[in-house]
Each structure stands twice: as C-alpha cells, then as structure tokens.
Amino acid sequence: MSKKEESEAVQAAAFPAGLEPGTEEEPEDADMKRAAVKQQIELYYYQLTEGCGNTTCSNQSCASSGSFPPLSKNDAAVQALELFKSKAPLCSPKPRKVARTTNDRQTTNGVRESISAPVQCTEESHKSNLPGTEKQGARKPKFLTETGLQEMLDGCEKDGSFSPVIRTLGEVFSSVEALKHSFCKAQPETQASDTGTEIEKHDRELSEKEIHKEDELTIDVDAVRRSYAALFRHNNSGVENALLNGLISLSPNVELELRYHCAYQQDPRYLNLFVIILENPNLHSPEYLETALPLFCRAMSQLPIKAQARLARFFSSYSAERLRGLVETIQQLITFKVLSGSFSRVHLVNDESAITCAAKVLSVFYIASILAGEVELGDTDEPDVSLQRRRHGSSESEDGNQERKPTPLQVLEKEVGARVINCRCPLLPFTDFHNEPLNEQLEVDKDYTYYKSQLEDRFSFLNYPFVLTPATKSLALYYDNRVRMFSERRMTVLYSLVQGQVVQPYLKLRVRRDHIIDDALVRLEMISMENPADLKKQLYVEFEGEQGIDEGGVSKEFFQLVVEEIFNPDYGMFIYDEQTHMYWFNPSSFETDAQFKLIGIVLGLAIYNNVILDVHFPMVAYRKLMAKKGTFLDLQDSHPVLYQSLKSMLEYEGDVEEDFMATFCVGMSDLFGGSSTHELKENGNNVPVTVDNRQEYVDLYADYILNKSVEKQFNAFRQGFHMVTDESPLEEFFRPEEIELLICGCPDFDFKALEESTDYDGGFTRDSQTVKDFWELVHGFSEDEKKQLLMFATGSDRVPVGGLSKLKLVIARNGPDSDRLPTSHTCFNVLLLPEYSSKDKLRERLLKAITHAKGFGML
C-alpha cells in the first residue's frame, strides 16, 4: 500500500458511517467518545495493516500472524470497523498507531522532525488536551508557522505522501494551545525539539517585543491566508478532513474554556484561533455547515464583550470583499439551518442554537462594518439629556423607575465607542445583514414576548435588529403599540370600577371637515396638558355630521387631511424646496411653539396607530428626532445648493480670502422678503474666511442652518413626537432612514407584488374574467392613477414598509353587472366590484370612482 493510500485509509476508518459527530450529547462527552472510538478503530486498522510486531502472534486478525492475507486500504478500513463493532480482542502489546515505515523514513527537504513527526495519540495524551486536565510536565502541543508548514508541504510533495501534514494539522487544529500560538507576527528564529520549550520561548519573545497591545492581535493574517492557499493548492481530501475534524474537536473545548474557565481573561491571545478558523476559505462548504461551523459559532458566542470588541476592531481593517465573505458564510449557515429545520409555533427558530449563536457572531461583523465605514467624529449629539439617557440604554429613569437593560448590541456599541447612528455609510450595506429566510420563518409575536421578558434563557432577534428587515421590525413595533393600547384600556376600566366614573377608553377626536386643523389641534393641546397618558390610547376619529365607525379607515383619512393642511404654504410653518420637493422648518415662522408641538404629536400618533403619512422631510429631520445634530453632510439632501457652494469652498485651491470675500456672517431672508444677518461667532462680521479657518466656517454655517436657526421650532416638534413614542422601542429597532420608511412608506409601487398577495371573496377568484380585466387595466395605469386606486381602496396612497406585498387587499364581488360604481371598505382594505360585462365598462366605472372619491364613497 502506498503512503497516500495509507493516509486515506486512516481517515476513512477514523470517522466511519454512522459515527459522524454532531449528536445530541453534551459537547465534552461527545468529544471524548469520538476520540475513544477513533483511537480504537485506528488500533484495529494498524493491527490489520502493520501488525503488532510479534512474529509468533496467533491473532487471526493481525498482519503479524503470518497466515493473514494483505488487505487493500478500503478492505482494511471496512474490516477495522467490523472488528470494532464485534469488540474483537487486540494484540498484546497493542499495535503501534504510527506505521512502521515512519521510523525508517528519513527527513527530507529540510522538514524538521519537531514539526513533521506524528504524535503518539494515546488515551492518556488525549485526556491531557482536555480543559483543566493538563498535568505537570506533560508534553505541550506544537504550533504552526508559515515557513515550517511550507517546508513540510514541499517535503510531503516530493515524498508522495501528505500523511505528516495531515497528522500535524489534526493535532494543531484540535488543540487550543497549539492553534492560538500559530501564525503569530513574531516568530522565533529557531525551534527546539522540545515543543514545550518552543511555546515558552515564543511567549517570552512576544512579551519582550510588546506586540500584544490593547486592541491589536498577534496573528499574522497574511501568513494564515498564504498557508491556507498552499494547503488547498494540492487539493488533498485528507487535508480538508483534518481541518474539518480538528474544528469539530476544538470547538466544544473552546466553548467550555470560555464559559467556565474565563480563558480569554487568562490569555488575550485566545482570539488568534478565531481569526485562523474564520480565514478558512472552505468554511462555507456544506461539510462545515452541518456540524463544524455551528459548533464553532457556539464557541465564539461565548466570548466576553471586550473580546468581541477587539475582534470587531480587528475585522474593521478588512477590505469590503473579505468582510463580506465572512458575513456571507454566517448568513449561509443561518439560511441552511432555517430551511433545513422543521419550525412551528411550538418549535421556534429562537430555540435553534446554531441560528441564535450565528446571529451573535454576525453582530461582531456588523460592528466591524460600522467601524470601517464613514463614522462621524466629535460631539454630534443634541444636548437633550433625557434623550441621551434613553439612547444609551440607561438602566434607570429620571424618576428612579427601573428601565430595560441595554441590549447586547448596545453594550458592544458602547465598548467599541461607535454607535450605529453615527455611521453615515458602513463598509457593507445594512441590507447585507438582513436574512430573508429567517425573517419569513420568525414568529414575531413570540420573539417580541422574549424581547420584553429579557429572560436569560430566551433569545430574541429583536436584540439584534440588524438581521431583521424593516417590515419585520415594523410588525414588532405594531405589537408593542397594541400592547400599550390594551394596557391603557385595561387601566381605564379599572379606574372606572374604582372611581365610579365613566372614562373614555379611546383617544376620541370629533372634528369638522372644514375646520379640521382647529378642532384637532385644540383637542390634542388640551389632552397633552391635562392628561398626556391619553395619547397612548387607540385613536378614534369621528367627522361631525357623517355616519361611520372608525375601524382604521376614518383615521387614515383624518391624518391625510391634517397633513395636507399643515404643510400648506399659507400657514408658513414650513418652507418648501422646489428642487428637493421637501419641507424644512421655517425659522421666521409666526406660529407658536405649541403649534409645532402638536404637529409632532400628530406624527407620533400616526406611527402609534400604524398609519402612513405623505410627509416629505429630509433625512436630517429623522436624525434630529433621534437626538443627533445636523451637520455639514446633512445639507446634501436638505439644502443641496448650499451644500455644493460650501463644498466648492472647501475644495478650492486658490486664495479663499481674496476670491470668496466671505466673513463669519450669514444672511437670511424670510417668506415676506425681509432680510437679516447672523454672526456665526463673536465679531464674525469682521473675521474673514481663509484657507485655515474655512472648515470651521462651513461647520458653523451648517450648524446654524440645521440647528440653531430652527432650535425653538424643532425642539417643540420633537417634544410632541416623544410624548407619544417615549416608551416605544422605536429608536432601538430603527435607524433614521428606516423611521422615514415607517412614517412615509416605501417608494416602490410594485403592483405585480400586490396582485400576487391579493385575496378574493364573494364569488371572485384569481381566474374570474372581471379580476383578470381589473389587473390588466391597473398595470396600465399611470403612477398618479395607481395612487388614486390605493387611496380609494385602503384610505392611503402610501406603500407600507416591505412593499405592496405586505398590503392585504381583498377584491370582493358586489353583485352582477350593473351601472353602480365600485366601492370600498378602507378600514379592511376591501374593494367591491360588480361583475361588469366588459373591460371598457370596468375601466370607465373604476376611473370615475377613484377620481371623484375624495370625501365620500369610502367606508
């Protein structure tokens, strides 16, 4: 048998069918049993192929017995397994696990014996590698270097057998001590034969050179990558199996050491082994996804927060391509486990440790992407202390009541000193961290319950919101709002029983259609002053003189009318930009702070009652709602002309003072043509803008436009908004751009998705001729006509978060052919169509209904 065949036979015998790792046993027990099985089968294998060395051996299953016929590698592997199953006796002395040809083989091509010599694997030596079982004077495992590994590969290639490489990889990649000392930046020039001495010398050199700094790892990543490339260049299955089986053996030990022995605190170089494993280019292959990678993620999820922060800083130095590769590997694991699992309302994805641990690992890469992106430096927070306390996850409120503990992601943000909201553009898009199969399988109501309970043994994906889509998070927010509404109704009933007074369980607004702003704002102002808690009740709107019960549709129409009136230029509260088609606060508005506060209440009520508004604010408005100041970069979408002017000043290579002739002074004009000036700094009118101070000028200019000039108006607006949403997890779940989606809806009018998600009732089916004609007509509508149809059928022309597929439209048959117009129940998104006799008649009736429906025809 050739040496290569011998190696493959050992691999085949070591992990026979039916004995694959990954059972439901405890990790430490399973690991010890696997090692014992492997050892026993290997002993049988070498007994069959090499013999025990006793020429007078009478064991008929021993190659030394004389009459025993030679076996091929496959036959020997099969026979070894049969002997193991039948518990056949082994020769005494036991056969050597190392082939007898090893002692006769000379070291070639500079392969050092200290690296390439196989290690005797006995039961005692196996036990000595388990956590907490090291004995005094026991032999320490070896570590790998790029040079040593390359020399070994060269020698094996010439020798025709990769057995020494395979055995060394199996030893090193299954040993914590060996792996964490491998591929370090500072390598000893020579290696002694005593591997224990090697590691001690290695430790001293690392200490002397002070390589281990606070956030720097000692691993030489480039050497690791080159080493993997060299290993896989030979396309040897034994090498791949050695790495795979080594990881399976290593991971449970790492998990136990981190969980019970605080291994990272004892030696921060522990992180090296995680980097080495994650650099494996085959980590995404199916062989790893089944067992090895889940075990590794379980181990990595046990890292303390400081270790996670160090890894996040380390991975932030990766290129976008390499970091994306790591993210895709973990995402692939999550997707594989979700699609291959059998989940239900009883067995949730939250209960699958492979998925939950992978989400925890993904958070490290998520923060790394944030750190590597465009992060704002300096103080960009609003001075509102209460907002900052809530944003930073304080455990205690102003009145002393206990609040929620910070989420793991918030703790990691704080440890690395960079918040997600400060990142303008991450290294990887935020959508790269969304996992669609997970979002589809997730039981959001159950996950929300786990999120609220904060139990240690219950995992909630809402604590890791970066893996969730805005649609999933908006559903979780909906549950949160409904729970609060129910709580308010329950408290109202209890109060009525105790006090004997009739208390309104809803936030009821009775308004006149032609005085909607006056009636609504006056009523909301009274409630906000007398009993702000009533704003947390479910909204119920009634138009005076009109019949109808508000099941959601009337509220949608109310908000639509209020928004149209508020943003009317005649009110002068907001300035409309013709170029961006957005509104900004009017710094010279004559309206009182109370008016802006009430507008904030309206916006908060819309989110609280799950209503989408036709509001057009620049992104800086939503960032300011989350207690962030507007900066120069925010001018790009709020004041694009001004942004380009200031940017050209910053990039100008000539004489700024002479050519621009600007001072630290801003000229402003109001809606009535009046003008005024404002000094950006003391005596700013006499301070010229130069090359040296132009950055200061730009920052002060942007601060004045976005913050100081509208400070009173926006503070009142934000106060009203937080009167409704202060107890909501809004800021915890959503980023500013997602809050915009939540308020304004999705801009994509995909009516194909709406067609796919529509249900039918009253006799209509997807194949009904009237239904087919309807969709043919709708797909040919202009965008304005599509908006009118949405308004007619649902009470809003906005697309919900997640797209039109999330809008559950129902088309119901409303009798046979007639001249009646289509009608709708906007509260329930039901469109009622008579079964018109022709497509032309349907078009004429439908267009007339949606064009003239405003104010009537919708129930």
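Residue positions are given per chain, counted from 1 along the sequence in the order it is written. Only residues with pLDDT of at least 70 are given local features in this predicted model, and only at 80 or more are side-chain atom pairs given and counted; all residues enter the totals for whole chains, interfaces and linings. Water and hydrogen atoms were dropped before computing side-chain values, which therefore reflect all heavy atoms in the structure.

1. Re the overall build of the protein
Note the following rule: Under the scheme used here, helices are H or I runs from DSSP no shorter than 4 residues and strands are E runs no shorter than 2 residues, and both carry numbers assigned from the N terminus. For each residue, the accessible area found with a 1.4 Å probe, counting protein chains only, is set against the maximum for its type, and the residue is called buried under 20%, exposed over 50%, and partly exposed in between. Throughout, a residue-residue contact means that at least one pair of heavy atoms, one from each residue, lies within 4.5 Å. Per-residue and other accessible areas were derived by the Shrake-Rupley procedure at a 1.4 Å probe size, with only the shown protein chains allowed to occlude residues.
Counting its regular elements, the protein contains 38 helices and twelve strands. Expressed as a percentage of its 859 residues, the buried residues of the protein come to 52%. Across the protein, every contact between residues at least 6 apart in sequence was considered, and the portion connecting residues at least 24 apart equals 74%. Roughly 40,200 Å² of accessible area belongs to the protein as shown, and the carbon and sulfur atoms make up 49% of that amount.

2. A short note on the packing of aromatic side chains
Convention followed: Aromatic rings from Phe, Tyr and Trp, taking only the six-membered ring of Trp, are treated as a pair when their centres fall within 6.5 Å; an angle between ring planes under 30 degrees marks them as stacked, one over 60 as edge-to-face, and anything in between as tilted. Criterion for a charge above a ring: Lys NZ or Arg CZ within 6 Å of the ring centre, and within 35 degrees of the ring normal.
Enumeration over the complete set of coordinates arrives at 39 aromatic pairs. Judged by centre distance (6.2 Å) and plane angle (40°), the rings of Y506 and Y540 are tilted. Of the two residues, Y506 sits in the loop between α23 (470-499) and β3 (507-511) while Y540 sits in strand β4 (residues 539-543), which places them 34 residues apart along the sequence. With 5.7 Å between their ring centres and 85° between their planes, Y697 and Y701 make a pair best called edge-to-face. Placement of both Y697 and Y701 in helix α31 (residues 694-708) is noted, with a separation of four residues, approximately one turn of the helix. A connected cluster of aromatic rings, assembled from ring pairs, spans F567, F574, Y576, Y583, W584, F585, F596, F617, F714 and F717. A cation over a ring is seen here: R513 above F543, with NZ or CZ 4.3 Å from the ring centre. The ring of F430 has R735 lying over it, and the distance from NZ or CZ to the ring centre is 3.7 Å.

3. Let's talk about the environment of L217
The residue L217 is located in the loop between α10 (195-209) and α11 (221-233) in this model. The spatial distance from the C-alpha of L217 to the C-alpha of V275 is 9.4 Å, given a sequence separation of 58 residues. In contact with L217, not counting residues within four places along its chain, are K185, L271, N272, V275, R310, L311 and F314.

4. Quick look at helix α34 (residues 736-744)
All of the buried residues in α34 are P736, E738, I739, L742, I743 and C744. The inward-facing, buried residues of α34 abut α23, α26 (593-608), α27 (619-625) and α33 (730-733). G745 occupies a position one or two residues after α34 and carries a positive phi of about 85°.

5. Let's talk about the confidence of the model for the protein
Defined as follows: The score called pLDDT rates the predictor's confidence residue by residue, from a low of 0 to a high of 100.
Per-chain confidence: the protein averages 79 in pLDDT, with 80% of residues scoring 70 or above. Of all helices and strands in the protein, the one with the weakest mean pLDDT is helix α5 (residues 113-116) (33), whereas helix α18 (residues 353-372) scores best (95). Note on residues 187-197: pLDDT is under 50 here. Beyond four places in sequence and across chains, it has 24 contacts. Note that residues 855-859 has pLDDT below 50 and, in this model, 14 contacts with residues that lie over four places away or in other chains.

6. Topic: the layout of surface pockets
Filter applied, for reference: Put plainly, a pocket is an open set of points on a 1 Å grid over the protein atoms alone with protein on both sides within 12 Å along at least five of seven lines, a cavity is a set where a 1.4 Å probe fits but cannot get out, and a lining residue has an atom within 4 Å of a point. Grid points are joined across faces, edges and corners, and a volume is the space filled by probe spheres set on the points. In this classification, Asp, Glu, Lys and Arg are treated as charged, Ala, Val, Leu, Ile, Met, Phe, Trp, Tyr, Cys and Pro as nonpolar, and every other residue, Gly included, as polar.
Approximately 1,500 Å³ is the volume found for the second largest pocket. Secondary-structure elements contributing two or more residues to the lining of the second largest pocket are α21 (436-441), α23, β4, α25 (553-566), α26 and α34. The leading source of residues in the lining of the second largest pocket is α23, at nine residues. Taken together, the residues of the lining of the second largest pocket sort by class into 22 nonpolar, 16 polar and nine charged.

7. Thoughts on the sheet that holds strand β10 (residues 810-813)
Threshold: Strands are treated as partners if at least two bridges between them are detected by DSSP. Angles run from 0 to 180 degrees between N-to-C directions of axes, and those axes are lines fitted to C-alpha atoms, restricted for helices to the stretch in contact.
Here four strands make up an open sheet; going across it, the order is β9-β10-β12-β11 and the pairing mixed. Either end of the sheet is taken by a strand with one partner, and the two such strands are β9 (759-761) and β11 (823-825). When the angles between neighbouring strand axes are averaged without regard to direction, this sheet yields 25°. Two elements, β10 and strand β12 (residues 830-833), share four bridges in a ladder whose sense is parallel. Counterpart to R813 in the pairing with β12 is L833. Set on the sheet, helix α37 (residues 783-794) makes contact with β11 and β12; between it and β11 the angle comes to about 60°.

8. A few points about unusual backbone geometry
In this structure, H581 takes a positive phi of about 60° despite not being glycine. Residue position: H581 is located in the loop between β5 (574-577) and β6 (582-585). Relative accessible area serves as the criterion here: at 45%, H581 is assigned to the partly exposed category. Notably, M661 is not glycine yet its phi reads approximately 50°, a positive angle.

9. Some details on the nonpolar core
Rules: The nonpolar core is taken to be a set of buried Ala, Val, Leu, Ile, Met, Phe, Trp, Tyr and Cys residues, with the residues joined through side-chain atoms within 4.5 Å.
In terms of nonpolar packing, the biggest core is built from 187 residues, with F315, F365 and F558 touching the most fellow members. Looking at which element gives the most residues to this core, the answer is α18, with twelve residues. Beyond its immediate stretch of four places on either side in the chain, F315 contacts V275, L278, L323, L326, V364, F365 and A368. Residues F764, V771, F781 and L833 belong to the second largest nonpolar core, which totals 29 residues.

10. Quick look at a negative patch on the surface
Note the cut-off: Surface patches are drawn from residues lacking salt bridges whose relative accessible area is over 30%; two like charges belong together within 9 Å, two nonpolar side chains (Val, Leu, Ile, Met, Phe, Trp, Tyr) within 5 Å. Whenever Lys or Arg places a side-chain nitrogen within 4 Å of a carboxyl oxygen from Asp or Glu, that contact is recorded as a salt bridge. Neither His nor the chain ends is counted toward charge; the positive residues are Lys and Arg and the negative residues Asp and Glu. Lysine's charge is taken at NZ, arginine's at CZ, aspartate's at CG and glutamate's at CD.
Together, D655, E657, E658 and D659 line one region of the surface with negative charge. Of note, E658 is situated in helix α30 (residues 656-660).

11. Concerning the pairing of β10
Two strands pair when backbone bridges link them, and β9 and β10 are joined in this way by three bridges, in the parallel orientation. Paired with D761 across the strands is A812, a residue of β10.

12. A closer look at the packing of helix α12 (residues 237-260) against helix α14 (residues 271-278)
Put simply, the test is: Roughly parallel here means an angle under 35 degrees, roughly antiparallel means over 145, roughly perpendicular means 65 to 115, and every remaining angle is called oblique. Each crossing gets its handedness from the near helix: less than a right angle anticlockwise from the far helix is left-handed, clockwise is right-handed.
In contact at an axis separation of 12 Å, α12 and α14 are set at 150° when each is read in the N-to-C sense. Of the possible angle classes, the one that applies to α12 and α14 is roughly antiparallel. Between α12 and α14 the crossing geometry is left-handed. Between α12 and α14, the residues in contact are L247, L250, V254 and L258 and L273, F274 and I277, respectively. By residue class, the composition of the contact of α12 with α14 is seven nonpolar, no polar and no charged.

13. Quick word on the pairing of β4
Quick note on the threshold: Clockwise travel from the first strand over the helix to the second, with the strands pointing away from the viewer, marks a crossover as right-handed.
Across the five residues of β4, four count as buried, placing the element largely inside the fold. Bridge count for β3 against β4 is five bridges, and the pairing is parallel. Paired with V511 across the strands is F543, a residue of β4. The parallel pair β3 and β4 is bridged by helix α24 (residues 516-530), and the resulting crossover is right-handed.

14. Some thoughts on the environment of L477
Within the secondary structure, L477 is located in helix α23. Of the residues examined, L477 reaches a relative accessible area of 2% and is grouped as buried. Sequence separation of L477 and N610 is 133 residues, and the distance between their C-alpha atoms is 9.1 Å. Those residues in contact with L477 that sit more than four places away from it in its chain are I607, S728, P729, L730, F733, F734 and L742.

15. What about the pattern of salt bridges?
Scanning the entire structure with this criterion turns up 37 salt bridges. Each of D480, R484, K536, D726 and E727 takes part in one network of salt bridges that share partners.

16. Considerations on the side chain of R718
Under the convention used in this document: In protein, a polar contact requires one atom able to donate a hydrogen and another able to accept it; more generally it is a pair of N or O atoms within 3.5 Å, and residues adjacent in sequence count only if both atoms are side-chain atoms.
Structurally, R718 is set in helix α32 (residues 711-725). Assessed through its relative accessible area of 4%, R718 is described here as buried. Within the structure, the side chain of R718 is placed 3.0 Å from the backbone oxygen of K624, a separation counted as a polar contact.

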